[in-house]
Amino acid sequence: METTADKTNVRDYYSVVRERRSVRHYDPAVKISREELTEMLEEAVLAPSSSNLQPWRFLVIDEQPLKEKLLPIAFNQQQVVDASAVIAVLGDKNAYLQAEAIYQSAVEAGYMDEERKQLLTGHAQAYERMGEDGRKDVVLIDGGLVSMQFMLSAKARGYDTVPMAGYNAQQFREAFDIPDTYATVMLIAVGKASQPGHPTTRLPIGAVTSWNRLEPK
């Protein structure tokens, strides 16, 4: 039976997903505390990941001189310097090396037994055989999942975001000392809009959905 609380939660969810916009104009006077940014990241990392290896890594850029340094690398997009922070979402291609520690924490929490832990730790070695390109594909998927969750968390708190692929990844690596073992997923500007993001349309769901077999559209 659906309760009043259930209906309220559904409405809140609908508000978040339907009101989220990609915002490119921010109020530079609004600062988000590191405590609140941390809370949003903690909510973001509840996203799923392949084998629960959680390969996402975050570089939070909230100091103005570093945002200015990033500006030309991001093709002078003004939101880089006006937003409260820019989150660089990265993916650790060697995350499988932490499998045992991750699964051990699940054992200690009572979520799995030792036998299950040993089984999963063995399975995680498949990532080594996958090769670097295969692992990059995995972390890009996981990085996309955690990025969307972060943006929804920010919107639920009344903040705005825009995901950014428009930057020179190699220059970013060099300027911010990103190791080769990390894939660059995206940048996310987060802050308070000074102008609302413009509404957009979506293709009809029937144009992008097939049932049981792909059909030409």
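A brief report on the enclosed structure follows. (Residues numbered from 1 in each chain as written. Predicted model: local features only at pLDDT ≥ 70, side-chain atom pairs only at ≥ 80, totals over all residues. Heavy atoms only, no water.)

1. Quick look at the side chain of Thr161
Threshold: Per the convention used, a helix needs a DSSP run of H or I reaching at least four residues, while a strand needs a run of E reaching at least two, with both numbered from the N terminus. Burial classes: relative accessible area under 20% of the type maximum marks a residue as buried, over 50% as exposed, and values in between as partly exposed (1.4 Å probe, protein chains only). Contact criterion: two residues are considered in contact whenever any of their non-hydrogen atoms come within 4.5 Å of each other.
One can find Thr161 in strand β3 (residues 160-164). A relative accessible area of 1% places Thr161 in the buried class. Leaving out residues up to four positions away in the same chain, Thr161 has contacts with Arg21, Ser22, Val23, Tyr26, Phe150, Met151, Ala154, Ile188, Ala189 and Val190.

2. Examining the sheet that holds strand β2 (residues 85-92)
Note the following rule: Here, a strand pair is defined by DSSP locating no fewer than two bridges between the strands. Under this scheme, a helix contributes an axis fitted over its contacting stretch, all axes are lines through C-alpha atoms, and angles between N-to-C directions fall in the 0 to 180 degree range.
If you trace the four strands from one edge of the open sheet to the other, you get β1-β2-β4-β3, paired in antiparallel fashion. Taken across any chain shown, the strands that pair with only one partner, and hence form the sheet edges, are β1 (56-61) and β3. In this sheet, adjacent strand axes meet at a mean angle of 25 degrees when their direction is disregarded. In terms of strand pairing, β2 meets strand β4 (residues 182-191) through eight bridges, oriented antiparallel. Of the residues in β4, the one forming a bridge with Ala85 is Val190. With respect to the sheet, helix α7 (residues 126-156) is in contact with β1, β2, β3 and β4, its orientation differing from that of β4 by roughly 10 degrees.

3. Description of unusual backbone geometry
The backbone phi angle of Phe75 is positive, close to 55 degrees, even though this residue is not glycine. Following the sequence through the fold, Phe75 ends up in the loop between α3 (64-73) and α4 (79-82). A positive phi angle is found at Asn76, which is not glycine, with a value near 60 degrees. Here Asn76 is to be found in the loop between α3 and α4. Exposure remark for Asn76: the relative accessible area of 52% places this residue in the exposed category.

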